[in-house]
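Examining the three-dimensional arrangement
The chain contents come next:
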Amino acid sequence: MKELIIIGGGLAGCEAAWQAARFGVKVVLFEMRPNRMTEVHKTPMLSELVCSNSLRSKEVITGPGLLKKELEVADSLIMKAANAAEVSAGSAFAVDRNIFSKFITQTIESHPNIRVIRKEIIDIPDTIAIIATGPLTSNAMANSIKSVIGDEHLYFYDAIAPIIDAESIDYSKVYLSSRYGKGGDDYVNCPMTRDEYNQFYDALIEADTVSAKDFEDLKVFEGCMPIEVMGKRGRNTLIFGPLKPVGLPDPLTGKTPYAVVQLRPENRQKTAYNMVGFQTRLKWPEQKRVFRMIPGLENAEFLRFGSIHRNTFINSPRHLNADLTLKEKNDIYIAGQITGVEGYIESTAMGLIAGINAAKRILGKEIVYPPRESAHGSLIAHITESDPENFQPSNINFGLLPAGEEVLKIRDKRVRRQRIAETAIKQWRKYIDKILAFII
Ligand SMILES: Cc1cc2nc3c(=O)[nH]c(=O)nc-3n(C[C@H](O)[C@H](O)[C@H](O)COP(=O)(O)OP(=O)(O)OC[C@H]3O[C@@H](n4cnc5c(N)ncnc54)[C@H](O)[C@@H]3O)c2cc1C
């Protein structure tokens, strides 16, 4: 039987190795640390948590809570380690980072089906392999990926705009239309008077931002300039940029507002909206304070905050198949954050699926796709079915999960989410049962 090569011993690589090894597949896991360190990893341990020690909410009616539940159902190694390393932190799932990484390192290194080799891999292999080299993929591997998918489809920075829960918008203050009427009523438009704009502007340019770490000292490209940086160029710059009102008259008055913030639907069901052009480095509480000054967003609930940071990721909707193989090189699976998901558990989830799929391939078994209703299936839909022209990485949030008409009619949000979560878990259990039926 062929061995499965996995490159990168982070959260995704370790989860993939664990899952494949469960199928009886022999795995060789390459990790470049400690021989070559990244800008942020500090230890030689596998699955080091590079920043926060929180795996986010435990509540199953939140995206992270649901995804963790699914990972547990799938017997995830990362969740086993998290449970062994949990520290008390209210409704958040926090872990002791040393216990967490030690647990994973020891489990992987002592597994009879896994061999760990500490070496940087600089070329994509010519055999079945999983690339899980993460947001800080080494330059040599990044160049090898580029040589397969093309220079312009591997990105090194995220410029993420906040996403708002559609239900939290005050629709009495906004109107639906597209610029110059092109595209129906797709966009939610938040109009501003001159006074409202000036107050918002003053708050924006004085708000507290996250300081860029040295390695993140990026040249700001026009296309991903933080809104506050653009604002500092002059009081009127935003009115000629993302807050441009031309072509967006208020249908009630027929008049063009002084400025307009546009919200673009994040999904077909329009349960979540992206703030167009609002990529930002403002601290999270500041985003809440300042962006809630926008008419219609006074009570906005942020499903995801904006950010700009160092992150290597592929334009997955263009290059990945639904089984996480590269369209250009079908033996190669991509896993973890480099697929365009964001966060520890999301990366783990993409490792889990890649590990299962690659193992089945080696064993000559038929691939079973994760159900669309599940949090895993929703992340895969995001990275493989989004518009490649506007692709941005995402964490897991309820905006990505599908909901039937009946469920959408439920007014109480907690009850509605509970129903969506129940369906997700039910379908996910069926998927895992099918997968387990193949374990040798
Ligand atoms: C500065 C920073 C802060 C972050 N903070 C958070 C946070 O607070 N919360 C959160 O949820 N997420 C955070 N993230 C995202 C987080 O890093 C990822 O979600 C997660 O670690 C990704 O898992 P992964 O397995 O894809 O990559 P990683 O965990 O980074 O693992 C990739 C591994 O591949 C190795 N590697 C790289 N290139 C090669 C090569 N050529 N050959 C062999 N090995 C290689 C690396 O050494 C690394 O061990 C942060 C990311 C960064 C960069």
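Residues numbered from 1 in each chain as written. Predicted model: local features only at pLDDT ≥ 70, side-chain atom pairs only at ≥ 80, totals over all residues. Heavy atoms only, no water.

Section: the sheet that holds strand E3 (residues 54-57)
- Taken together, three strands build an open sheet; the order of strands is E3-E5-E4 and the sheet is antiparallel. Each end of this open sheet is capped by a strand with a single partner; those strands are E3 and strand E4 (86-87).
- Two strands pair when backbone bridges link them, and E4 and strand E5 (residues 92-95) are joined in this way by two bridges, in the antiparallel orientation. Paired with Val87 across the two strands is Ala94, which belongs to E5.
- Lying on the sheet, helix H2 (residues 63-73) is in contact with E3 and E5; it crosses E3 at an angle near 115 degrees. (Pairing = 2+ DSSP bridges. Helix = DSSP H or I, 4+ residues; strand = E, 2+ residues; numbered from the N terminus. Contact = heavy atoms within 4.5 Å. Axes fitted to C-alpha atoms, helices over the stretch in contact; angles between N-to-C directions.)

Notes on the pairing of strand E13 (residues 272-275)
- With burial as the criterion, each face of E13 is covered, one bearing Ala272 and Asn274 and the other bearing Tyr273 and Met275.
- As paired elements, strand E9 (residues 163-165) and E13 share three bridges and run antiparallel to each other. Looking across to E13, one finds that Ile163 is bridged to Asn274.
- Alignment of strand E12 (residues 259-265) against E13, held across three bridges, turns out to be antiparallel. Within E13, the position partnered with Arg264 by the bridge is Asn274.
- As consecutive antiparallel partners, E12 and E13 are separated by six residues, and within that stretch Lys270 has a phi angle of approximately 55 degrees, a positive value. (Buried < 20%, exposed > 50% of the residue type's maximum accessible area, 1.4 Å probe, protein only.)

Quick look at the UniProt feature "binding site: FAD" (unreviewed entry) in the protein chain
- Residues annotated by UniProt as "binding site: FAD" (unreviewed entry) correspond here to Gly8, Gly9, Gly10, Leu11, Ala12 and Gly13.
- As for its position among the elements, Gly10 is in the loop between strand E1 (4-7) and helix H1 (11-22).
- Residues within four places of Gly10 in sequence aside, it is in contact with Glu31 and Ser47.
- By the secondary structure assignment, Ala12 is in helix H1.
- Relative accessible area serves as the criterion here: at 5%, Ala12 is assigned to the buried category. (UniProt positions renumbered as here; feature names shortened; annotations may be inferred.)

Examining the nonpolar core
- Ranked by size, the top nonpolar core spans 93 residues in total, and within it Leu4, Val25, Phe100, Ile108, Ile130 and Ile145 carry the most contacts.
- By size, the runner-up hydrophobic cluster in this structure holds 34 residues, among which are Phe200, Leu204, Met275 and Phe305. (Core = buried A, V, L, I, M, F, W, Y, C linked by side-chain atoms within 4.5 Å.)

A few points about the domain arrangement of the protein chain
- Domain assignment breaks the protein chain into domain 1 (4-158 + 311-436) and domain 2 (163-305).
- Once you take the C-alpha centre of each, domain 1 and domain 2 turn out to be 31 Å apart.
- Domain 1 puts 17 residues into the contact, and the matching count from domain 2 is 12 residues.
- Between domain 1 and domain 2 the total buried area reaches about 1300 Å² when both faces are included, carbon and sulfur atoms providing 47% of it.
- Considering only the surface of domain 1 that becomes buried against domain 2, Tyr157, Gly399 and Lys413 emerge as the three largest contributors, covering 33% of it.
- At the junction of domain 1 with domain 2, the criterion picks out four salt bridges.
- Of the charged contacts, one joins Arg417 and Asp165 as a salt bridge, the two residues approaching to 3.9 Å between their closest N and O atoms.
- Where domain 1 meets domain 2, there are six residue pairs in polar contact (both at pLDDT 80 or more).
- In terms of residue count, helix H13 (residues 413-436) provides more of the side of domain 1 that touches domain 2 than any other element does, three residues in total.
- When grouped by side-chain class, the residues that make up the side of domain 1 that touches domain 2 number seven nonpolar, five polar and five charged. (Domains from an automatic or database assignment. Buried area = accessible area lost by both parts, 1.4 Å probe. Salt bridge = Lys/Arg side-chain N within 4 Å of Asp/Glu carboxyl O. Polar contact = N/O pair within 3.5 Å; in protein donor to acceptor, adjacent residues only side chain to side chain. Nonpolar A, V, L, I, M, F, W, Y, C, P; charged D, E, K, R; others polar.)

So, the site of the ligand
- In the neighbourhood of the ligand, 33 residues make up the surrounding shell, with Glu31, Arg33, Gln337, Gly343 and Tyr344 lying closest.
- Here Met32 contributes a backbone N or O atom positioned 3.2 Å from a nitrogen atom of the ligand.
- Ser347 is positioned such that a nitrogen or oxygen atom in its side chain is 3.3 Å from an oxygen atom of the ligand.
- Among the secondary structure elements, those contributing two or more residues to the shell around the ligand are H1, strand E2 (27-31) and helix H10 (344-363). (Near = heavy atom within 4 Å.)

Section: the packing of aromatic side chains
- Counted according to the given criterion, the structure contains nine aromatic pairs.
- For the ring pair Phe278 and Phe291, a centre distance of 5.2 Å and an interplane angle of 80 degrees mean the geometry is edge-to-face. Placement of Phe278 in the loop between E13 and helix H8 (284-291) and of Phe291 in helix H8 is noted, with a sequence separation of 13 residues between them.
- Taking 5.0 Å as the distance between ring centres and 20 degrees as the angle between the ring planes, the aromatic pair formed by Trp284 and Phe305 counts as stacked. Taken together, the positions of Trp284 in helix H8 and Phe305 in the loop between strand E14 (302-304) and strand E15 (307-314) put the pair 21 residues apart, joining distant regions of the chain.
- On the accessibility criterion, Trp284 (52% relative accessible area) is exposed.
- Among the aromatic residues, those joined into a cluster by ring pairs are Tyr155, Phe313 and Phe391.
- In this structure, Lys58 packs its charged tip against the face of Phe93, placed 6.0 Å from the ring centre.
- Positioned above the aromatic ring of Phe398 is the side chain of Arg417, whose terminal nitrogen or guanidinium carbon lies 4.7 Å from the ring centre. (Phe/Tyr/Trp six-rings, centres within 6.5 Å; stacked < 30°, edge-to-face > 60°. Lys NZ or Arg CZ within 6 Å of the ring centre and 35° of its normal.)

Quick notes on the packing of H10 against H13
- Viewed as axis vectors pointing N to C, H10 and H13 meet at an angle of 30 degrees, and their least axial separation amounts to 12 Å. Viewed along their axes, H10 and H13 form a crossing whose handedness is left-handed. Contacts from Leu352, Ile353, Ile356 and Lys360 of H10 reach H13 at Trp428, Tyr431 and Ile435.
- The class makeup of the residues in the contact of H10 with H13 is six nonpolar, no polar and one charged. (Left-handed = near helix turned anticlockwise from the far one by under 90°.)

Examining the pattern of salt bridges
- Inspection of every chain in the model, using the stated rule, returns 24 salt bridges.
- Notably, a salt bridge pairs Glu86 with Lys58, separated by 2.9 Å at the nearest N-O pair. Highlighted residues: Glu86 in strand E4 and Lys58 in the loop between E3 and H2, separated in sequence by 28 residues.
- In this structure Lys58 comes out as partly exposed when scored by relative accessible area, which is 40%.
- Residue Glu298 pairs with Lys173 through a salt bridge whose shortest N-O separation is 3.0 Å. On the criterion of sequence distance, the pair formed by Glu298 in the loop between H8 and E14 and Lys173 in the loop between E9 and strand E10 (175-176) is long-range, its members being 125 residues apart.
- We classify Glu298 as partly exposed; its relative accessible area is 29%.
- The network of salt bridges with common partners includes Asp165, Glu301, Lys413 and Arg417.

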